[in-house]
Amino acid sequence: MKYRMFILASVALCILSVSSLAFAEEQEECAPVEKKKIKVEGYFSKQFRKDRKAIRAEISEVGHVRFALRAYPMGDTSKSFAVGRCVPAYIARHVLTVADKYTSGIGSLTVQKFLPTHWIGVGATMFDEPSQQLVTEEQVKKLLNPDLTNEEFHVLYQEYTIQNDHIPMFGQQVPNFKKTDD
């Protein structure tokens, strides 16, 4: 009986410490890109496989990025795009422009609370539909506005990724189990 209480107390302590670490990470200041580079990860369309070096060079033009981009092995790439909350707007716009040229386009944005802070996902297939919001071409154009400051860019991005309260599942509308508290 004593061991069960000890185990339960240990598990509760671990859960509290992990949740407080997640909250602390969310509240931390963003490290400058000179100290922590932005990682660009994902896929470009298979038809551009031979242009791999040119695509990497084009993304590198903006500076302060490292990447793990590869050709999508089949069909069209995912139309999802993801930007962490600490990515400067000028880098996000540049990668968004390049991604739009070498992928199937930009059709959805991933909620920032699910992303590493210094990370961009291009055609990322690792996020399910409740983690994303569909965007229009007009909304993408607004994100590409060079007059937006970092703060304005991220406010607009977050505005476009407000999660739905309900999602379709098995022909019904069910509560969104991925909904984060704002």
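Above this text is the structure in question.
Note that the structure is a prediction, hence the values are computed from the model and not measured. (Residues numbered from 1 in each chain as written. Predicted model: local features only at pLDDT ≥ 70, side-chain atom pairs only at ≥ 80, totals over all residues. Heavy atoms only, no water.)

Q: Go over the sheet that holds strand β4 (residues 108–110) with me, naming the residues and quoting the values.
A: The six strands are arranged β2-β1-β5-β3-β4-β6 in an open sheet whose pairing can be described as mixed. Pairing within the sheet leaves two strands with one partner each, and these edge strands are β2 (65–71) and β6 (132–134). Direction aside, the axes of adjacent strands within the sheet are offset by 15° on average. Where strand β3 (residues 80–83) lies against strand β5 (residues 119–122), three bridges are found, and the strand directions are antiparallel. Bridge pairing in β5 places alanine 82 opposite glycine 121. Packing of helix α5 (residues 150–160) onto the sheet brings it into contact with β3, β4 and β6, and relative to β3 it is tilted by some 135°. (Pairing = 2+ DSSP bridges. Helix = DSSP H or I, 4+ residues; strand = E, 2+ residues; numbered from the N terminus. Axes fitted to C-alpha atoms, helices over the stretch in contact; angles between N-to-C directions. Contact = heavy atoms within 4.5 Å.)

Q: Residues and numbers for unusual backbone geometry, please.
A: Its identity is not glycine, yet histidine 64 carries a phi of approximately 60°, on the positive side. Considering the arrangement of structural elements, one finds histidine 64 in the loop between α2 (52–60) and β2. Overall, the relative accessible area of 30% leaves histidine 64 in the partly exposed class. (Buried < 20%, exposed > 50% of the residue type's maximum accessible area, 1.4 Å probe, protein only.)

Q: So, the environment of histidine 94: which residues are in play, and what are the values?
A: Position of histidine 94 among the secondary structure elements: in helix α3 (residues 89–102). A relative accessible area of 19% places histidine 94 in the buried class. Along the chain, histidine 94 and glutamate 61 lie 33 residues apart, while their C-alpha atoms are 9.0 Å from each other. There is a polar contact of 2.7 Å between the side chain of histidine 94 and the backbone oxygen of glutamate 58. (Polar contact = N/O pair within 3.5 Å; in protein donor to acceptor, adjacent residues only side chain to side chain.)

Q: Could you give an account of the packing of α2 against α3, with specific residues and numbers?
A: Running from N to C, α2 and α3 point in directions that differ by 160°, and their axes come no closer than 9 Å. For the element pair α2 / α3, the angle class is roughly antiparallel. You can see that α2 and α3 cross each other, and the crossing is right-handed. In this structure, α2 contributes Ile55, Glu58 and Ile59 to the contact, and α3 contributes His94, Val95, Val98, Lys101 and Tyr102. Here the contact of α2 with α3 is built from residues that sort into five nonpolar, one polar and two charged. (Parallel < 35°, antiparallel > 145°, perpendicular 65-115°, else oblique. Left-handed = near helix turned anticlockwise from the far one by under 90°. Nonpolar A, V, L, I, M, F, W, Y, C, P; charged D, E, K, R; others polar.)

Q: Any details on the environment of tyrosine 72? Residues and values, ideally.
A: Its place among the elements puts tyrosine 72 in the loop between β2 and β3. You can call tyrosine 72 buried: its relative accessible area is 15%. Sequence spacing of tyrosine 72 and phenylalanine 44 is 28 residues, and the spatial spacing of their C-alpha atoms is 5.9 Å. Every residue in contact with tyrosine 72, bar those within four places of it in the chain, is listed here: Tyr43, Phe44, Lys46, Arg49, Thr77 and Thr125.

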